[in-house]
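Each chain, letter by letter, is given below.
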Amino acid sequence: MATKKGTPPPKDYSSDRGNADELHQHVPTRGPHDPEGHLTTNQGIRVSDNQNQLKSGPRGAVLLEDFVLREKIFHFDHERIPERIVHARGSAAHGYFELYKSQAAITKADLFQRAGERTPVFVRFSTVAGGAGSVDTPRDVRGFAVKFYTKEGNWDLVGNNIPVFFIQDAIKFPDLIHSVKMEADKGYPQAASAHDTFWDFISLMPESTHMVMWAMSDRTIPRSFATMEGFGVHTFRFVNAKGKSTFVKFHWKPKLGLQSTLWDEAVKIAGADPDFQRRDLFERIDTGNFPEWELGVQTFDEEFAESFDFDVLDPTKIIPEEVIPVKMIGRMVLDRYPDNFFAETEQVAYCPANIVPGVDFTNDPLLQGRLFSYLDTQKSRLGSVNFHQIPINAAKCPVMNFQRDGMMQMLQPKGRANYEPNSLNEAGEITGPRECPETGFTTFEEAERESDGSKLRIRAESFADHYSQARLFFRSLHEAEQAHLASALVFELSKVGLAHIRNRVMSNLVNVDASLAQRVADGLAMPLPKASPAAVKPRDLDPSPALRIIEGPRQRKTLEGRCVGILFADGSDLAEINAVKAAVEAAKGKPVLISPKVGGAKLKGGKMLAADGQLAGTPSVTVDAIALVLAPAAAEMLAKDGAAVQFVMDAFGHLKAIGATDGAKALMDKAGVEKDKGVTGLGPDFIKAAGMRFWDREPKVRMLA
Ligand code: HDE
């Protein structure tokens, strides 16, 4: 075997601190054992043949001594680790958080001290119910987990795209998740809440009603990760240098505004592109259109908490933005896609207990339960107590303590001192780190009134109003969103086989809003039952416009960040195609050239133009608006092609803008397109229309509950 040339001397890794950079160097990436790029075994032995096993003769038996084969297959056999019990399907990206203005007055957290300073982040978005290989667009809550690698340690804000949760007490979480996951005996449905066990559990847990409203709304079918909000859900605390605590709720507000899909669209996207949102995240980053959110905080004191209608420790409640405005304190930009899905997105281990000085927990009983769960789950997923040394999890500041050994230990601490206190320094030895009362994390001392010290299995009475905020949410929505919500309930309950479960859900709905309950009952063709008993009579609250997507304060009617599918075929005019393309790009949108064949079409004048996507494989559900640049003969031909007709019919049915040349008429007619404000020529009116949906069209194309 040839000797290795130029191998660098082994690095001295012995240190009792671990940080991400050092750890990165521990992990063999591209052939550190062999700088010339030769394929080696994990022992660094160069491999001479990666195509053939070692055999006794050309047609003989395979030999057990083939260590190259055995090592490779052994490693492959163990490539998978247990997927997350919830949030298994996820996509992630790196980026940074940038502070607008010092927040030193309310928090001493290092990342919130200096205006303009950037803190690296790793953000993972996920669905909750489906397995790791499920599709991106089921109706489901989205996880929104942010790991801030601050100079004073890692802070994980592990939130969702919905500001409330189904349950008030952590002890109910396994029940909730068992009920929503595929049914225990049948093994289906995957990634869907539309089945008996979920609605059975929900109907028996009135505290879930508020979140059910959100779950059935358009919030759970977001268009993109980049167009959804994120929420910390629980009330946390900020603590300043003087030890003063301020309650805080965290929000992420997308720069591109809120956008969701329609249910029919989401279902079709699942077939057309199961990785729709993962691809979207990758493509945005790849093209430099970095997804961005602002970090907003609602801050308040004990006095407000006392006077508020609901308990701020109850995770099934919001504080409406109209009551306490959300103050934007910084922005987060995701600008780098992971190099390796497994190493980063799969192995990242978030934990709500990862907190930094200046931020603290409250007694929210759901949060308290989470503080236990996540560390525990990482041990079973990542297999070792040393999972914090995996580069994606490693803090980017010094990590020094006397924790030692354990499976897959990557560090080689020096010296004898593996305990504290020690006095080995008297002998001139390395003695290790010491606690630091001044700068170390200190827990905020709770005011006495939060607990009288008695041990009780009890739910606070202040948590008992389960319906008023559910009503607030429903009544705050735009009427199109209300119709979607009612229809989603009809869809889900239609998949519930047991009539008594449907009935029980409806009796809970009567408490939310009698008209909603009636719409659902009509949609199911079932009689409306009486309201279920409510512990606290629901109240009418002032509507909160911030809760709605359509015509709400966070809707943006812009082409920025949206895709326009430009359909062309034989005989299309290049000048027209280029004009639409340029106009879309000028408006910061993304043009996608679509043609019946991916190699393209022969344009007017004979020139070939290649497509980005083939028509059948790039249905209009994958874009936000369509432009039809077609010659009359091609439109006649396409009117006989199912994929082309569906392309236009769906764009119309999904309330998207359709810009078209006169030549496209035959195809438009076949697809049943009727003239309205969203159906335009290819000029500036199309570019304006392409940045929105046409909700007035909906009653013409869909029967909603
Ligand atoms: Fe989680 N949750 N959760 N959760 N959660 C997990 O941790 C759990 C809850 C959330 O992208 C698990 O590493 C309990 C609320 C996100 O990797 C697990 C309770 C919120 C993610 C776990 C909750 C969340 C998780 C599974 C009730 C929104 C994905 C794998 C007390 C504020 C993070 C893992 C990622 C993941 C437990 C409730 C958000 C099993 C016991 C409320 C975004 O530990």
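Rules and cut-offs
- Residues numbered from 1 in each chain as written.
- Predicted model: local features only at pLDDT ≥ 70, side-chain atom pairs only at ≥ 80, totals over all residues.
- Heavy atoms only, no water.
- Donors = N, O, S within 2.8 Å, 3.2 Å for Na, K, Ca; no water.
- Helix = DSSP H or I, 4+ residues; strand = E, 2+ residues; numbered from the N terminus.
- Polar contact = N/O pair within 3.5 Å; in protein donor to acceptor, adjacent residues only side chain to side chain.
- Contact = heavy atoms within 4.5 Å.
- Pairing = 2+ DSSP bridges.
- Core = buried A, V, L, I, M, F, W, Y, C linked by side-chain atoms within 4.5 Å.
- Buried < 20%, exposed > 50% of the residue type's maximum accessible area, 1.4 Å probe, protein only.
- Disulfide = S-S within 2.5 Å.
- Patch = residues over 30% accessible without salt bridge, like charges linked within 9 Å, V, L, I, M, F, W, Y side chains within 5 Å.
- Areas by Shrake-Rupley, 256 points an atom, 1.4 Å probe, with all protein chains shown as cover.
- Salt bridge = Lys/Arg side-chain N within 4 Å of Asp/Glu carboxyl O.
- pLDDT = per-residue confidence, 0-100.
- Phe/Tyr/Trp six-rings, centres within 6.5 Å; stacked < 30°, edge-to-face > 60°.
- Lys NZ or Arg CZ within 6 Å of the ring centre and 35° of its normal.

**Remarks on the coordination of the iron atom of the ligand**
Of all protein atoms, just one serves as a donor to the iron atom of the ligand, and that atom is Tyr374 (OH), at 1.8 Å. Position of Tyr374 relative to the elements: it lies in helix H10 (residues 365-382).

**Quick notes on the side chain of Asp676**
Of note, Asp676 is situated in the loop between helix H18 (665-670) and strand E18 (679-680). Among the polar contacts listed, one links the side chain of Asp676 to the side chain of Arg697, at a separation of 2.7 Å. Aside from chain neighbours lying at most four places away, what touches Asp676 is Phe652, Arg697 and Lys700.

**Describing the sheet that holds strand E15 (residues 613-614)**
Spatially, six strands are ordered E15-E12-E11-E16-E17-E18 in an open sheet, and the strand pairing comes out parallel. This sheet does not close on itself; its edge strands, each paired only once, are E15 and E18. Pairing of strand E11 (residues 563-568) with strand E12 (residues 590-595) involves five bridges; the strand directions are parallel. Bridge pairing in E12 links Cys563 to Lys590.

**So, the environment of Lys151**
Inspection of the secondary structure assignment puts Lys151 in the loop between strand E3 (142-150) and strand E4 (153-160). Expressed as a C-alpha distance, the spacing of Lys151 and Phe67, which sit 84 residues apart in the sequence, is 45 Å. In this structure Lys151 touches Asp110, Arg114, Glu117 and Cys397, once residues within four positions along its chain are discounted.

**A short note on the nonpolar core**
Soluble globular proteins: nonpolar side chains tend toward being buried together. Membership of the largest hydrophobic core comes to 51 residues, with the highest contact counts inside it found for Phe166, Trp199, Met213, Leu489 and Leu516. Mapped by element, the contributors of at least two residues to this core are helix H3 (173-180), helix H4 (196-204), helix H5 (209-215), helix H11 (468-476), helix H12 (479-494), helix H13 (499-512) and helix H14 (514-524). Residues in contact with Phe166, not counting those within four places in the same chain, are Val141, Leu176, Phe198, Ile202, Glu207, Ser208, Met211, Val212, Ala215 and Thr316. Phe144, Phe225, Met228 and Leu334 belong to the second largest nonpolar core, which has 36 residues in total.

**Concerning the state of the cysteines**
Disulfide: a covalent bond formed between the sulfur atoms of two cysteine residues. Within the structure shown, the criterion is met by zero disulfides. Of all cysteine sulfurs, the one in Cys397 lies closest to Cys436, which takes part in no disulfide; the gap is 11 Å. On the accessibility criterion, Cys436 (39% relative accessible area) is partly exposed.

**Here's the deal with a nonpolar patch on the surface**
Side chains of Met407, Met408 and Met410 sit close together on the surface and give an oily, nonpolar patch of about 330 Å² of accessible area. Residue classification places Met410 among the partly exposed positions, given a relative accessible area of 33%.

**So, the confidence of the model for the protein chain**
Per-residue pLDDT for the protein chain has a mean of 94; in total, 94% of the residues score no lower than 70. Ignoring residues within four places in sequence, the model shows residues 1-31, a span with pLDDT below 50, making 52 contacts including any to other chains.

**Quick word on helix H7 (residues 276-286)**
When H7 is considered as a whole, its buried residues turn out to be Phe276, Gln277, Arg278, Asp280, Leu281, Arg284 and Ile285. Positioned one or two residues after H7, Gly288 has a phi angle of 80 degrees, which is positive.

**Points about the pattern of salt bridges**
Throughout the structure, instances matching the rule amount to 43 salt bridges. Here Arg114 ties to Glu117 by a salt bridge, and the two come within 2.5 Å at their closest N and O atoms. You can call Arg114 partly exposed: its relative accessible area is 33%. Taking the relative accessible area as the measure of exposure, Glu117 reaches 17% and is therefore buried. Arg539 is the salt-bridge partner of Asp465, the closest N and O atoms lying 3.5 Å from each other. Here Asp465, found in the loop between H10 and H11, pairs with Arg539, found in the loop between H14 and E11; they are 74 residues apart in sequence, far enough to count as distant. With relative accessibility at 6%, the residue Asp465 sits in the buried group.

**A closer look at the packing of aromatic side chains**
Applying the stated rule across the entire model yields 26 aromatic pairs. On the numbers, 4.7 Å between centres and 15 degrees between planes, the contact of Phe148 with Trp155 is stacked. The class of Phe148 is buried, set by a relative accessible area of 0%. Centroid distance Trp263 to Phe491: 5.1 Å. Interplanar angle 65 degrees. Geometry classified as edge-to-face. A residue pair is termed long-range when its members are at least 10 positions apart, and Trp263 in helix H6 (residues 263-272) and Phe491 in helix H12 qualify at 228 residues. With a relative accessible area of 27%, Trp263 lands in the partly exposed category. Among the aromatic side chains, those forming a connected cluster through ring pairs are Phe97, Phe112, Phe125, Phe144, Phe148, Trp155, Phe225, Phe236, Phe238, Phe250, Trp252 and Trp293. Note that Lys147 overlies the ring of Tyr350, its terminal NZ or CZ placed 5.3 Å from the centroid.

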